[in-house]
Amino acid sequence: MMGNFIKTILNLFFKPDCPLCDRPAEKQLCIYCQKQILRCQFPRGSQFLGDVPVLIWGQYKGMLKQAIVTLKYNNHPEIAQPLGYWLADAWLKTPTVQNKPLLVVPIPMFPEKQKKRGFNQAELLARSFCQVTGLPLKSQGLERVRDTQAQFGLSAQQRQENLKDAFCLGKDLRRQTETHSILIVDDIYTTGATIKAAIAAFREHKIAVAGVVAIATTKSISEQ
């Protein structure tokens, strides 16, 4: 925490370096890295149209993958802001935008894991997403009540078992009286096991999920 404070103070007097390439940067990322990340964007947004529409911004590869890894594991939460802005811009340009009232809910981390990392990357993405879209954010609309092992390396069936009963309705929605649908925000979409578990938790309380948005997917366009 102290390191982030010192970095903020220094950035007031010195132009910060890009966390991805160490070039001078006017914003969170330098122009070069922004261009490289934008090359990972899907042409018209990757959409998986099933029971619930899923909008994915780009392919988890190249500089977009590096940005997400640096955000999550190298303590650079500021990277979430431009990623969330780009995700919001793509969402506003798609037919998935609905007229019904929506509440934005990020996929939560297990509290101990979030405490160790210092932030939840999905929540940071959702926050900047809402700054652009104007949608209300419910950071604690969903709660992760069971610690789960890392999904990496697990089969689709193992992922589903790993996430069974991992989520419950969060305190932001327990006293929600108005009828709203939920828009879920996550960072990476893989098999969809995490999203299915989250949707199941909402449906237990008869809360509809209108859609899902994520900044990246490991799937290719040909797999849709």
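These lines cover the structure that appears in this document, whether it is placed above or below.

Interhelical geometry of helix α4 (residues 80-92) versus helix α6 (residues 121-133) gives an angle of 50° and a closest axis separation of 7 Å. Regarding the angle of α4 to α6, the classification is oblique. In this structure, α4 meets α6 at a crossing whose hand is right-handed. Across from Ala80, Gln81, Leu83, Gly84, Tyr85, Leu87, Ala88, Trp91 and Leu92 in α4, the residues of α6 making contact are Leu124, Leu125, Ser128, Phe129, Gln131, Val132 and Thr133.

With that settled, the discussion passes to the sheet that holds strand β3 (residues 102-106). Pairing within the open sheet is mixed, and its five strands lie in the order β1-β2-β7-β6-β3. A single partner strand is all that each edge strand has here, and the edge strands are β1 (41-49) and β3. Averaged over all neighbouring strand pairs, the angle between strand axes comes to 25°, with direction disregarded. Sheet topology places β1 next to strand β2 (residues 53-59); five bridges connect them, and they run antiparallel. Following the sheet pairing, Leu49 is matched in β2 by Pro53. Along the sheet, α6 makes contact with β3, β6 (181-189) and β7 (209-217), crossing β6 at roughly 125°.

Turning our eyes to something else, we now look at unusual backbone geometry. Phi at Asp22 takes a positive value of approximately 70°, unusual for a residue other than glycine. By secondary structure assignment, the location of Asp22 is in the loop between α1 (2-13) and α2 (31-38). Residue Asn75 is not a glycine yet carries a positive backbone phi of 60°. Relative to the assigned elements, Asn75 resides in the loop between α3 (62-73) and α4.

This next bit is on the state of the cysteines. By definition, a disulfide links the sulfur atoms of two cysteines through a covalent bond. Summed over the entire model, instances satisfying the criterion amount to zero disulfides. This cysteine, Cys18, is not joined by any disulfide, and Cys33 carries the nearest cysteine sulfur, 3.7 Å off.

So, how was this worked out
Residues numbered from 1 in each chain as written. Predicted model: local features only at pLDDT ≥ 70, side-chain atom pairs only at ≥ 80, totals over all residues. Heavy atoms only, no water. Axes fitted to C-alpha atoms, helices over the stretch in contact; angles between N-to-C directions. Helix = DSSP H or I, 4+ residues; strand = E, 2+ residues; numbered from the N terminus. Parallel < 35°, antiparallel > 145°, perpendicular 65-115°, else oblique. Left-handed = near helix turned anticlockwise from the far one by under 90°. Contact = heavy atoms within 4.5 Å. Pairing = 2+ DSSP bridges. Disulfide = S-S within 2.5 Å.

Shape descriptors only; they carry no functional weight alone.
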